[in-house]
Amino acid sequence: MSTQLPRLLAGLVDDAAVFPPGSAPLPDAVAAHKRHRASWYADLVGPLLVPASAVTARDLHPLVDPADGLVVGLIGDTGLDGLPAALAGLPTGVTMRQVEVAVAKRGEDPQPGLAESLALARRLAGTTVYAEIPLTFGLMGALDTLAGARAAGAPVAAKFRTGGLAAELFPTPAELAAVICACRDRELPFKLTAGLHNAVRHLDPETGFTHHGFANVLAAALAAAGGAGVERVTELLIATDPRPLLQPIEDGLAAARPLWVGYGSCSILEPLTDLIRLGLVNGGFEA
C-alpha cells in the first residue's frame, strides 16, 4: 500500500473526535490525534478541532508538549463573545489554523453574526474564520457578504452543516447542490460538518436518517468546479452506487481539491477505511 495519499485527498478530514457522536474525552482525542499525525495516512488528517471552552478552562494545557507541533482548529462553542479569551489562552507551541463559529440559528438573520465574524477575521493574521451559515433564511445574502469580504482580503470562508441529531439538520441533495454551486459562482471556499462519516450516501440504521457521502460531495465539488449546474451536482449527491462517483474522483486525484476545504469527522479511521475499499488510497497511485 502506498505511504502517500493523492493530492486530492490531502487534509480532507479534520479530527473532530471530541464532538458528537464520538464525544471522546479530550486527553484521548489528543493522544489519538498524535498517532494519526505519525501514521502513513497523516496527509489525510487536518487539524484537531478543539472547543473554545476547553481552552478557556485550560483543559488543553496539560496535554500539550510544545515539541509536538499540535495544530488545532478552534470551534466557537462559547459564542463570538467568548472567543477572545480562548484565542489569548492557547497553550505555547499550539498553532491555530482556523476558527469556526456559527453566526446564526435557523431562521435568524445571519448578517449581525457575520459582521462580528468578519471583525474577528481582520484581527487574526494567517487564520481563516469559517462562518457557519444555516441553509435557510438569508443564505445567499450571507454568501455575498463573505465573498465580498474575502475579495477585499479578509481570511474568511463558509461552513455548512450536513447532518446532526435532527432530520432538519440534513439538507436535501438539491439544497446542498445549490449551495455548492453558489460558492463556486462566488469563488468562496467552504467546509462541511456532521454526518459525513462514510463515502457514499446511505440510510444509517442507527440514526434512521439518510446521510450524505463524502465521496458524493467530492465528486459534486469537482463537477461544480468544472462548470456543472445544480441538476448535475444534485445527481452526484443523490447517488447511492459508488461507480458514477469514482471516475471523476480518480481523474482528479493528482490535483488540489477545488472549492471544498474539507469536513470535520469524529472518526478518522471510518473515512480512511472507505477510501481504501473504494481503491482511492492504495499502492497504485504515484504522487
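1. Overview of the nonpolar core
Soluble, globular proteins show a tendency: their nonpolar side chains are buried together.
Consideration 1: Of all hydrophobic cores here, the largest spans 93 residues; its most connected members are Leu143, Phe160, Ile249 and Trp260.
Consideration 2: Examining the composition of this core, we find that 10 residues originate from one element, helix α7 (residues 214-225), more than from any other.
Consideration 3: Sequence-distant contacts of Trp260, defined by excluding residues within four places in its chain, comprise Leu12, Phe190, Lys191, Leu192, Leu196, Phe214, Val217, Leu218 and Ala221.

2. Overview of the packing of helix α4 (residues 111-123) against helix α5 (residues 139-151)
Consideration 1: Contact geometry for α4 and α5: axes closest at 10 Å, N-to-C directions at 15 degrees. With respect to α5, the element α4 is oriented roughly parallel. The interaxial crossing formed by α4 with α5 has right-handed handedness. Seen from α4, the contacting residues are Gln111, Leu114, Leu118 and Arg122; seen from α5, they are Gly141, Ala142, Thr145, Leu146 and Ala149.

3. Some thoughts on the packing of aromatic side chains
Consideration 1: Going through the model one piece at a time under the given rule, you end up with 5 aromatic pairs.
Consideration 2: Pairing Phe160 with Phe190 gives two aromatic rings, centres 6.2 Å apart and planes at 50 degrees, and the pair type is tilted. With Phe160 in strand β6 (residues 156-161) and Phe190 in strand β7 (residues 190-193), the pair connects residues that are 30 residues apart, well separated along the chain.
Consideration 3: Of the residues examined, Phe160 reaches a relative accessible area of 0% and is grouped as buried.
Consideration 4: Centre to centre, the rings of Phe214 and Tyr263 are 5.8 Å apart; their planes meet at 20 degrees, and the pair counts as stacked.

4. A look at the environment of Val129
Consideration 1: Along the polypeptide, Val129 turns up in strand β5 (residues 128-132).
Consideration 2: Classification of Val129 by relative accessible area gives buried; the value is 1%.
Consideration 3: Linking Val129 and Leu192, residues 63 residues apart in sequence, is a C-alpha distance of 14 Å.

5. A few points about the pattern of salt bridges
Consideration 1: Counting across every chain of the model gives 11 salt bridges.
Consideration 2: What you see here is one network of salt bridges that share partners, running through Asp14, Glu100, Glu132, Lys159, Arg161 and Lys191.

6. Remarks on the packing of α7 against helix α8 (residues 230-238)
Consideration 1: Where α7 meets α8, the closest approach of the two axes is 8 Å, and the angle between their N-to-C directions is 165 degrees. By the angle between their axes, α7 is roughly antiparallel relative to α8. The hand of the α7/α8 crossing is right-handed. Mapping the contact onto sequence places Asn216, Val217, Ala219, Ala220, Ala223 and Ala224 in α7 and Val233, Leu236, Leu237 and Ile238 in α8.
Consideration 2: Per-class residue counts for the contact of α7 with α8 are 9 nonpolar, 1 polar and no charged.

7. What about the state of the cysteines?
Consideration 1: Counting across every chain of the model gives 0 disulfides.
Consideration 2: The cysteine Cys181 is free of any disulfide, with Cys183 supplying the nearest cysteine sulfur at 9.5 Å.

8. A short note on the pairing of strand β2 (residues 45-51)
Consideration 1: For β2, the buried fraction is high: 7 of the 7 residues fall into the buried class.
Consideration 2: The sheet contact formed by strand β1 (residues 13-15) and β2 spans 2 bridges and is parallel. Looking at the pairing, Val13 lines up with Val45 of β2.
Consideration 3: Following the backbone out of β1, through helix α1 (residues 26-37) and into the adjacent parallel β2, one traces a crossover that is right-handed.
Consideration 4: As paired strands, β2 and strand β3 (residues 71-75) are joined by 4 bridges and run parallel to one another. When the bridges of β3 are listed, Val50 appears paired with Leu74.

9. Looking at the confidence of the model for the chain
Consideration 1: Of all residues in the chain, 97% have pLDDT values of 70 or greater, and the mean over the chain is 93.
Consideration 2: With pLDDT under 50 throughout, residues 283-287 is counted as low confidence; its partners more than four residues away or in other chains account for 9 contacts.

10. A few points about the pairing of β3
Consideration 1: Of all 5 residues making up β3, 4 are buried, and the element is well covered by its neighbours.
Consideration 2: With respect to chirality, the unit in which β3 leads through helix α3 (residues 83-88) into the neighbouring parallel strand β4 (residues 95-102) is right-handed.

Definitions and cut-offs
- Each chain has its residues counted from 1, running along the sequence as written.
- Local features are withheld for residues below a pLDDT of 70 in this predicted model, meaning they are given only at 70 or higher, and side-chain atom pairs are given and counted only at 80 or more; totals for whole chains, interfaces and linings count all residues.
- In computing side-chain properties, one takes all heavy atoms of the structure into account and sets aside hydrogens as well as water.
- Put simply, buried Ala, Val, Leu, Ile, Met, Phe, Trp, Tyr and Cys residues joined by side-chain atoms within 4.5 Å make one nonpolar core.
- In this scheme, a residue with accessible area under 20% of its type's maximum is buried, one over 50% is exposed, and one in between is partly exposed, where area comes from a 1.4 Å probe on protein chains only.
- Strands here are runs of E lasting at least two residues and helices are runs of H or I lasting at least four, both read from the DSSP assignment and numbered beginning at the N terminus.
- By the convention used here, residues are in contact when the closest approach between their heavy atoms is within 4.5 Å.
- Each axis is a line fitted through C-alpha atoms, and for a helix only the stretch in contact is used; angles between axes span 0 to 180 degrees, taken between their N-to-C directions.
- Angles are sorted into four bins: roughly parallel if under 35 degrees, roughly antiparallel if over 145, roughly perpendicular if 65 to 115, and oblique for all others.
- Each helix crossing is assigned a hand: it is left-handed if the near helix lies turned anticlockwise from the far helix by less than a right angle, otherwise right-handed if that turn is clockwise.
- Under the pairing criterion, centres of Phe, Tyr and Trp rings, with the six-membered ring standing for Trp, must be within 6.5 Å; the plane angle then separates stacked pairs below 30 degrees from edge-to-face pairs above 60, leaving the rest tilted.
- Salt-bridge detection follows one rule: a side-chain nitrogen of Lys or Arg within 4 Å of a carboxyl oxygen of Asp or Glu.
- Three classes are used: nonpolar for Ala, Val, Leu, Ile, Met, Phe, Trp, Tyr, Cys and Pro, charged for Asp, Glu, Lys and Arg, and polar for all others, with Gly counted as polar.
- For this text, the term disulfide refers to a pair of cysteine sulfurs within 2.5 Å.
- Two strands are counted as paired when DSSP detects at least two bridges linking them.
- A clockwise course of the path from the first strand over the helix to the second, judged with the strands pointing away from the viewer, identifies a crossover as right-handed.
- A score between 0 and 100, pLDDT records how confident the predictor is in each residue.

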